[in-house]
Amino acid sequence: YALRGLFENAGFELKEKTGKNYSTSVGQLAYAEYFEKKQSADSKIKVLSEVSQRQLDEFNRAIYKEGKLFVNPIDKQWPLQDVSVVYVENKKILACVIMEQIEEGVVSLSFACAQEKAAMRLFLLSYRAQELLQEKYSPETELVIPCVTGVSRKLAETILPNAL
């Protein structure tokens with residue numbers, strides 16, 4: 001419930017979902033202080049469709065070895081490849097922010113993960129994912145944010161630091 005207060009203090013209208021999922025609108029993302037600070041373009045950030053399955057397989061293995069488990073490995077069949085982003089350095093994926101369509105008008109931050117050496121890249125990726133969501137979805141589109149791990153909680157706290 002700490003995350004609920006975090007988003008509410010930042011001016012988001014949240015509707016509780018099941019468990020630890022919260023939601024806001026894509027339109028409200030633009031008002032988060034983190035996203036007001038323009039981030040410079042980074043050529044190492046790619047949408048999911050721009051990387052190979054081999055790169056994804058290597059990333060899946062690397063994060064599995066670090067103990068970061070997830071239900072479904074990331075692959076080229078992922079539905080929202082145009083708003084899911086990865087950070088690529090030396091042809092290797094080091095971090096990702098993966099979005100998923102839940103139903104018509106509802107998208108979810110499905111998975112955010114980075115290899116230990118690239119944890120700070122998640123914040124650059126979240127900024128780019130937010131830009132892509134703003135470009136491709138209506139402001140009324142609901143964004144579900146499941147905060148079930150320390151990584152997802154930390155990502156939310158970093159995006160909205162003044163709400164703490």
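Relevant structure appears above.
Described below are features of the structure shown in this document. Nothing here was measured: the structure is a model prediction, and the numbers come from that model.

1. Quick notes on the overall build of the protein
(1) Moving on: Scanning the protein for helices and strands turns up six helices and seven strands.
(2) Moving on: For the protein, the succession of helices and strands along the chain, N to C, is α-β-β-α-α-β-α-β-β-β-α-β-α.
(3) Moving on: Per-residue burial over the protein gives 49% buried out of 164 residues.
(4) Moving on: Element-wise, carbon and sulfur atoms account for 50% of the exposed surface of the protein, whose accessible area totals about 8900 Å².

2. Examining the pairing of strand S6 (residues 106-114)
(1) Moving on: Summarising burial for S6: eight of the nine residues are buried, a large majority.
(2) Moving on: Of the pairings in the sheet, the one linking strand S5 (residues 92-103) to S6 comprises eight bridges and is antiparallel in character. Its bridge partner lying in S6, Met99 is registered against Leu109.
(3) Moving on: Between S5 and S6, which pair antiparallel one after the other, the connecting turn spans two residues, and Gly105 there sits at a positive phi close to 80°.
(4) Moving on: Of the pairings in the sheet, the one linking S6 to strand S7 (residues 142-146) comprises three bridges and is parallel in character. By the bridge assignment, Ser108 is partnered in S7 with Val144.
(5) Moving on: Crossover S6 to S7 through helix H5 (residues 121-136) is right-handed.

3. A short note on helix H4 (residues 53-65)
Given 3.6 residues per helical turn, the α-helix brings residues three or four places apart onto the same face.
(1) Moving on: For H4, with 13 residues, the first-to-last C-alpha span of 18 Å sits near the 18 Å given by 1.5 Å per residue.
(2) Moving on: Listed as buried for H4 are Gln55, Leu56, Phe59, Asn60, Ala62 and Ile63. For H4, the buried positions fall inside an angular range of 165° around the axis, keeping them on one side. Across H4 from its buried face, at more than 90 degrees, point the exposed residues Arg54, Tyr64 and Lys65.
(3) Moving on: Those residues of H4 hidden inside the fold are in contact with strand S4 (85-89), S5 and S6.
(4) Moving on: Count one or two residues on from H4 and you reach Gly67, which has phi positive near 85°.

4. A word on the environment of Lys65
(1) Moving on: Checked against the element boundaries, Lys65 lands in helix H4.
(2) Moving on: In sequence terms Lys65 and Gln115 are 50 residues apart; their C-alpha atoms lie 9.7 Å from each other.

Reading the values: rules and limits
Residues numbered from 1 in each chain as written. Predicted model: local features only at pLDDT ≥ 70, side-chain atom pairs only at ≥ 80, totals over all residues. Heavy atoms only, no water. Helix = DSSP H or I, 4+ residues; strand = E, 2+ residues; numbered from the N terminus. Buried < 20%, exposed > 50% of the residue type's maximum accessible area, 1.4 Å probe, protein only. Areas by Shrake-Rupley, 256 points an atom, 1.4 Å probe, with all protein chains shown as cover. Pairing = 2+ DSSP bridges. Right-handed = clockwise from strand over helix to strand, strands pointing away. Expected span 1.5 Å × (residues − 1). Arc of directions from axis to C-beta. Contact = heavy atoms within 4.5 Å.

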